[in-house]
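# Results of the structural survey
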Amino acid sequence: MSTNSATADSIDWTPTSPERTRIFKKHNDFTLAEKSVANRSWIWKYGIEIQSKANRRWVCMPCIRHNKYPAMSYESKGTQNIHTHLWSAHKIQDPSGKKPKKAMLTSLTDLFALNRGDPQEQVLANKLISRFDSNEFKALVVAWLIDAQLPFRTVEHPGLREIFTYLYPSVQVSEAHLSHQTIHRLVVKQFDQHFDSVKSTLKAAVGKVHIAFDGARSNNRHALFGITAMYLDDAYTMRKVTLGVPDLIEQHTGDNIAAELINIIEAFEIGNKLGYFTLDNASNNDTAMQSICAAFDIDPVHHRVRCMGHVLNLVVKAILYGHSGDAFDVDVDEESQAAHDMWMKTGALGKAHNLVVWIHRSDQLTKIIHDLQVDYIASSADPEIRKQVPVTVVLDNATRWLSQYYMIERLLKLRPIYAEFLIKANRVNHKTPPRCLEQASQLTDKDWATLEAFYELLYDFHTIVLHLQGDGQTRSRRDNISKSYGSVFAVLPAYECLLSKLEDAENNCDQYPDPEQFRINVNLGWQKLTKYYRQLADTPVYYAAIALHPKFRWEYFDRIWEELHPDWIVDAKEKVRQLWDTSYRNLPIPDEEANEEERPAKRAKMSSFEEYLEKHCINPRRGPAADEYTYWLNDVHLSDATVADPIRYWASKRHEYPRLSLMALDVLTVPAMSAECERLFSAVGLMVTSRRHRLDAGTIGLVQTLRSWQRAGIIGQSVKGVWSSGNGDSCEGGPGEDIL
C-alpha cells in the first residue's frame with residue numbers, strides 16, 4: 001500500500017453533519033443506503049453508499065472532505081471506475097498493490113458528475129453531448145490516414161486512442177474508435193461513392209483534359225502504372241488528379257498499357273475531352289499512343305508531348321558520358337570490382353561517382369565526413385559558412401532527372417575537407433579498404449576543375465527542369481508575386497536557351513580542362529538536344545502555346561528564327577492556323593457566351609439622328625464563321641507585355657473571343673513534363689516502407705487515388721454518408737487490410 005493509502009487508511013471517513021448536507025444537496029433525490037450491496041470491498045473504507053428509487057451510488061469521501069469539485073460518485077454495481085478514481089485523484093491504491101485499469105466511461109454526465117435532474121446541468125450535459133459527431137470524427141480520421149499515408153492499424157494504437165479520449169471523452173463513450181478493417185472498408189466505399197463526383201468534375205472541365213502516364217516498380221515489387229490528369233475547373237484554376245494506379249501484372253507492352261488507359265478513360269467518360277498526352281520517350285509509349293488515339297479518334301502524333309525532364313536527362317548523359325551514357329545506368333549500390341573499374345573509365349566523373357558510392361556504403365567514412373564538416377563550420381570566419389549544417393553525399397542514379405548534377409553540386413560543397421578526409425580515412429582500420437582511397441581513384445586538382453566545369457554547364461539545365469516540372473497551379477512565390485510553372489509554352493524557349501548555352505560552351509572550350517574531350521562531349525549533348533528540338537514540329541501545341549501567349553505572340557518566333565530559319569516561321573504559322581481552322585474556328589459558342597452576345601443592350605428611345613449614328617457604327621459581333629484568331633493577332637495592347645498569367649488573361653477574354661480563348665486555354669494548360677507521375681511514385685515510395693512490404697497493389701492504388709482527389713478539393717474530408725451506410729466495425733476487411 002502506498003504512503004497516501006496508508007495515511008488515508010488511518011482517517012475516519014464517516015461523514016460529518018455538514019458533509020452529509022453537501023452530499024444530499026447534490027443528490028437531492030437520494031438517501032443513505034439502508035443495506036450495502038458491496039460492503040466487502042476495500043473501496044467502502046473511503047466512501048459511503050446512497051440510494052434513490054432507481055439506483056445506488058458510491059460517494060467519494062476524500063472528495064467531500066477536501067471540498068473537491070465536483071465531488072465524484074459512481075454507481076455501486078461496478079467498482080472499476082471507483083478504483084480508477086481513488087488512484088488517479090487521491091493516490092489511494094488497492095491494498096493488493098494492483099493499479100487499476102483504465103475504466104470505460106459510461107457517459108459525459110457521469111464523467112462531469114452532472115445531475116440529470118437539474119435543468120441547468122441537463123442543458124449543459126446536452127450541449128456537451130451534441131457537440132461531438134462520431135461520424136464526423138471518423139471521417140476526419142480516415143481523411144488524415146489517407147493524406148498522411150499512414151498504416152490503417154495506426155487507429156488501433158493505444159496511445160492514439162488515449163489522446164483522442166483525453167481531448168474529448170465522447171470518443172470513448174460513444175465507441176467511435178475505429179479498427180483497421182473499418183478503415184479499409186471506408187476507403188473502398190469512399191472511392192465508390194466519390195467516383196461519380198470526380199467523373200462529373202472532369203466532364204465539366206473547361207476545355208480539354210490532359211493525360212500523363214508512366215510506370216514504376218514499388219518498394220515491394222508491384223509493377224505500378226500511374227495515370228494522372230490535368231484540367232481547368234469552372235473557376236479557371238488548374239487542377240490535377242490521379243485517375244488510377246493499376247498493377248500491370250503482364251509485360252509492359254504498348255498494347256497492355258493502352259488497354260489499361262482505355263479502360264480508365266472510358267470509365268471516367270472523358271474520351272471526347274482528351275487533350276494531349278505528356279510521356280517519356282520509351283518505345284512502348286509510341287505503341288500505346290497508336291492504340292489509345294485509334295480508340296478515341298485523335299491524332300497520335302499531334303497529341304503526343306515529350307516529357308522535357310526525360311529529354312534533358314538524356315542530353316545531360318550525352319554530355320557527361322558520350323555515346324555510352326546508357327551503359328552507366330547501374331545501381332549505385334553495386335559493390336562489384338567491375339562496376340568500380342567501369343566508372344573509372346569516365347575520368348573525373350567516374351571518380352566522383354565511386355567516391356560517393358563508397359562513402360554511402362560506409363558508416364565510418366560517413367562519420368568522418370560529418371565530423372570534418374562540424375570542425376570546418378565551427379572554425380570558419382565566414383558568417384555564411386557558420387550558418388551551414390553538415391550534409392552527406394548525394395547518390396546519382398539512373399532514374400532521377402539530373403542526379404549527376406546534384407552529386408557534383410554536393411561534392412563541390414565538400415571539397416574544402418576532401419584532403420583531410422583522405423588522411424583520416426586512410427588511418428581507419430578497414431576490413432576491406434575502400435577503393436576510393438586508392439591513389440588512382442583520388443580526385444586531383446584537374447578532376448575538381450572538370451567537375452566545376454560540368455557544374456557550370458549543367459546549372460542552366462537544373463534551373464530549366466525546376467521551371468518546367470511545375471504543376472501549372474498559380475501560387476504566391478518568394479517574391480510575393482503569383483506565378484505558375486510547368487506550361488508547355490516554355491518548352492521551345494528552353495530548347496533555344498540551352499542550345500545557345502551549349503554553343504557558347506563549345507566556343508569557349510579552351511578555358512576548360514582537356515578542351516578537346518570537353519568539346520566532343522558538348523557537341524554530343526548539342527546533337528541530342530537538336531534531335532528532340534526538331535521533333536517539336538510534329539506537335540503544333542508547342543507553337544500555338546507561344547503564339548497565343550499575349551506576352552510573346554508570333555514576335556518571339558520572328559526574333560529567334562527570322563534571320564536563319566524564316567521557313568520555320570512559315571511552317572509554324574501554317575500548323576497553328578490549321579489547328580485553329582480544323583478544331584476551333586467553327587465550334588458552337590457555349591450558351592453563356594452566346595447569350596452574352598445576343599442580349600440587346602438597354603437604351604432609351606432614340607431620336608432619328610441617334611438611329612442614323614447607330615446604324616453606321618461598327619458592329620463588334622462575330623458569327624460562327626468569324627476569324628477570332630486573325631482579329632486577336634491585330635488586337636495588341638501595351639499591357640500585354642506585362643501579362644504574367646496567360647490563363648487569367650484568356651479567362652477574362654472568353655466573352656470577347658469565345659472560341660479562340662478555348663483553344664488558348666487548351667494549349668496553355670498542357671504540362672511540359674510528366675512530373676505528376678514522378679510525384680505520385682515518390683508518394684508511393686513514402687507509403688510502402690520496409691514494414692509495409694505486404695501491401696497489395698489495390699490498396700496502394702486506392703489510397704493514392706483518394707489522396708489525390710482529396711487534395712484537389714473534389715471530395716471533402718467528410719465521409720458521413722459513407723459511414724452512415726455501413727454497419728460499424730462488424731465488416732470484413734478487404735485485401736491487404738491485415739498488414740496495414
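From a predicted model like this one, the values you see are computed outputs, not experimental measurements.

## Some words on the nonpolar core
Among the nonpolar cores identified, the biggest contains 113 residues, and F421, F461 and W650 are the most heavily contacted of them. In terms of residue count, the dominant contributor to this core is helix α20 (residues 445-468) (10 residues). Discounting chain neighbours no more than four positions away, the residues touching W650 are L548, P550, W632, Y657, L660, S661, A664, L665 and L668.

## Let's talk about the environment of Q193
Summarising the element assignment, Q193 is placed in helix α10 (residues 180-203). As a C-alpha pair, Q193 and I715 span 522 residues in sequence and 10.0 Å in three-dimensional space.

## Quick look at empty space enclosed by the protein
Under the definition given, this model contains six cavities of 30 Å³ or more. Of the voids in this model, the second largest cavity is the one considered here, and its volume is about 60 Å³. Every residue along the wall of the second largest cavity is listed here: L355, I359, I369, L411, L414, R415, Y418, F421 and W448. Of all the secondary-structure elements, those providing two or more residues to the lining of the second largest cavity are α15 (348-361), α18 (403-414) and α19 (418-427). Broken down by class, the residue content of the lining of the second largest cavity amounts to eight nonpolar, no polar and one charged.

## As for the packing of aromatic side chains
Aromatic ring pairs are described here by two measures, namely the spacing of the ring centres and the angle between the planes. Going through the model one piece at a time under the given rule, you end up with 31 aromatic pairs. The interplanar angle of 70° and the centroid separation of 6.1 Å between the aromatic rings of W42 and Y46 together place this pair among those described as edge-to-face. Here the two residues W42 and Y46 agree in accessibility, since each one is buried. Both rings, one in F132 and one in F137, keep their centres 5.8 Å apart while their planes meet at 45°; by these two values the pair is tilted. No difference in accessibility class separates F132 from F137, as the two residues are buried. Connected via pairs of aromatic rings, a cluster forms that spans F489, Y495, Y533, Y543, F552, W554, Y556, F557, W561 and W568. One cation-aromatic arrangement involves R361 over W358; the distance from NZ or CZ to the ring centre is 4.2 Å. Seen from the ring of Y406, R400 lies directly overhead, with NZ or CZ sitting 4.2 Å from the centre.

## Comments concerning the pattern of salt bridges
Evaluation of the coordinates by the stated rule reveals 29 salt bridges. Ionic pairing is found between D233 and R239, a salt bridge with its closest N-O pair at 3.0 Å. A salt bridge links D341 to R435; its shortest N-O distance comes to 3.0 Å. Note that D341 is positioned in helix α14 (residues 337-344) and R435 in the loop between α19 and α20, a separation of 94 residues in sequence. When its relative accessible area of 35% is taken as the criterion, D341 is described as partly exposed. We classify R435 as buried; its relative accessible area is 15%. Connected through shared salt-bridge partners, D196, K199, K203 and E269 make up one network.

## As for the packing of α18 against α20
Where α18 meets α20, the axes come as close as 9 Å, and the angle between the chain directions of the two elements is 130°. Taken together, the axis directions place α18 and α20 in an arrangement best described as oblique. Classified by chirality, the crossing of α20 by α18 is left-handed. Contacts between α18 and α20 pair Y405, Y406, I408, E409, L411 and L412 from the former with W448, L451, E452, F454, Y455, L458, Y459 and H462 from the latter. Among the residues making up the contact of α18 with α20, the classes are represented as 11 nonpolar, one polar and two charged.

## Some remarks on the sheet that holds strand β9 (residues 304-306)
Strand order in the open sheet made by the five strands is β7-β6-β5-β8-β9, with mixed pairing throughout. Bordering the open sheet on either side are β7 (238-244) and β9, each of which pairs with just one other strand. If you compare each strand with its neighbour and ignore which way they point, the axes differ by 25° on average. As judged from the three bridges shared by strand β8 (residues 274-279) and β9, these two strands associate in the parallel manner. What sits directly across from F277, in β9, is R304. Of the strands in this sheet, β5 (206-217), β6 (223-232) and β8 are in contact with helix α30 (residues 658-668), which crosses β5 at around 15°.

## A short note on the pairing of β7
Counting buried residues along β7, five of its seven residues qualify, which places the element largely inside the surrounding structure. Of the pairings in the sheet, the one linking β6 to β7 comprises six bridges and is antiparallel in character. In the strand pairing of β7, A229 is matched with V241. In this antiparallel pair of consecutive strands, β6 and β7, the connection spans five residues, and Y236 shows a positive phi of 60°.

## Examining a nonpolar patch on the surface
Residues I163, Y166 and L167 make up a contiguous nonpolar surface patch of roughly 400 Å² in combined accessible area. Summarising the element assignment, Y166 is placed in helix α8 (residues 158-167). Note on Y166: relative accessible area 70%, which makes it exposed.

## Some points on the packing of helix α13 (residues 308-321) against helix α22 (residues 515-534)
In contact at an axis separation of 7 Å, α13 and α22 are set at 155° when each is read in the N-to-C sense. Taken together, α13 and α22 sit at an angle that is classed as roughly antiparallel. Crossing geometry of α13 relative to α22 is assigned as right-handed. Contacts from V311, L312, L314, V315, A318, I319 and L320 in α13 reach N521, L524, G525, K528, L529 and Y532 in α22. Of the residues contributing to the contact of α13 with α22, the split by class is 10 nonpolar, two polar and one charged.

## Thoughts on the sheet that holds strand β3 (residues 56-60)
Backbone hydrogen bonds hold the strands of a sheet together, and the pairing may be parallel or antiparallel. Ordered by their spatial adjacency, four strands build an open sheet running β1-β2-β3-β4, and the pairing between neighbours is antiparallel. Of all strands in the sheet, those bounded by a partner on one side alone are β1 (31-32) and β4 (73-75). Sheet analysis places β1 next to strand β2 (residues 47-51), joined by two bridges and oriented antiparallel. In the sheet register, L32 faces β2, and the bridge partner there is I50. Across the sheet, helix α4 (residues 80-90) touches β3 and β4, and the angle it forms with β3 is around 15°.

## Here's the deal with the environment of S362
Position of S362 relative to the elements: it lies in the loop between α15 and α16 (363-379). Separated by 72 residues in the primary sequence, S362 and P434 place their C-alpha atoms 8.7 Å from one another. A polar contact of 3.1 Å, which involves the side chain of S362, links it to the backbone nitrogen of L365.

## With respect to the pairing of β8
For β8, a buried count of six out of six residues is recorded, marking the element as mostly surrounded by other parts of the structure. Relative to β8, β5 runs parallel, the two being bridged by three bridges. Note on β8: the bridge partner recorded for A212 is T278. Of the crossover connections in this fold, the one passing from β8 over helix α12 (residues 283-296) to the parallel β9 is right-handed.

Cut-offs and rules
Residues numbered from 1 in each chain as written. Predicted model: local features only at pLDDT ≥ 70, side-chain atom pairs only at ≥ 80, totals over all residues. Heavy atoms only, no water. Core = buried A, V, L, I, M, F, W, Y, C linked by side-chain atoms within 4.5 Å. Buried < 20%, exposed > 50% of the residue type's maximum accessible area, 1.4 Å probe, protein only. Helix = DSSP H or I, 4+ residues; strand = E, 2+ residues; numbered from the N terminus. Contact = heavy atoms within 4.5 Å. 1 Å grid on protein atoms, 1.4 Å probe; cavity = no way out; pocket = protein on both sides within 12 Å on 5 of 7 lines; lining within 4 Å. Points joined across faces, edges and corners; volume = space filled by probe spheres on them. Nonpolar A, V, L, I, M, F, W, Y, C, P; charged D, E, K, R; others polar. Phe/Tyr/Trp six-rings, centres within 6.5 Å; stacked < 30°, edge-to-face > 60°. Lys NZ or Arg CZ within 6 Å of the ring centre and 35° of its normal. Salt bridge = Lys/Arg side-chain N within 4 Å of Asp/Glu carboxyl O. Axes fitted to C-alpha atoms, helices over the stretch in contact; angles between N-to-C directions. Parallel < 35°, antiparallel > 145°, perpendicular 65-115°, else oblique. Left-handed = near helix turned anticlockwise from the far one by under 90°. Pairing = 2+ DSSP bridges. Patch = residues over 30% accessible without salt bridge, like charges linked within 9 Å, V, L, I, M, F, W, Y side chains within 5 Å. Areas by Shrake-Rupley, 256 points an atom, 1.4 Å probe, with all protein chains shown as cover. Polar contact = N/O pair within 3.5 Å; in protein donor to acceptor, adjacent residues only side chain to side chain. Right-handed = clockwise from strand over helix to strand, strands pointing away.

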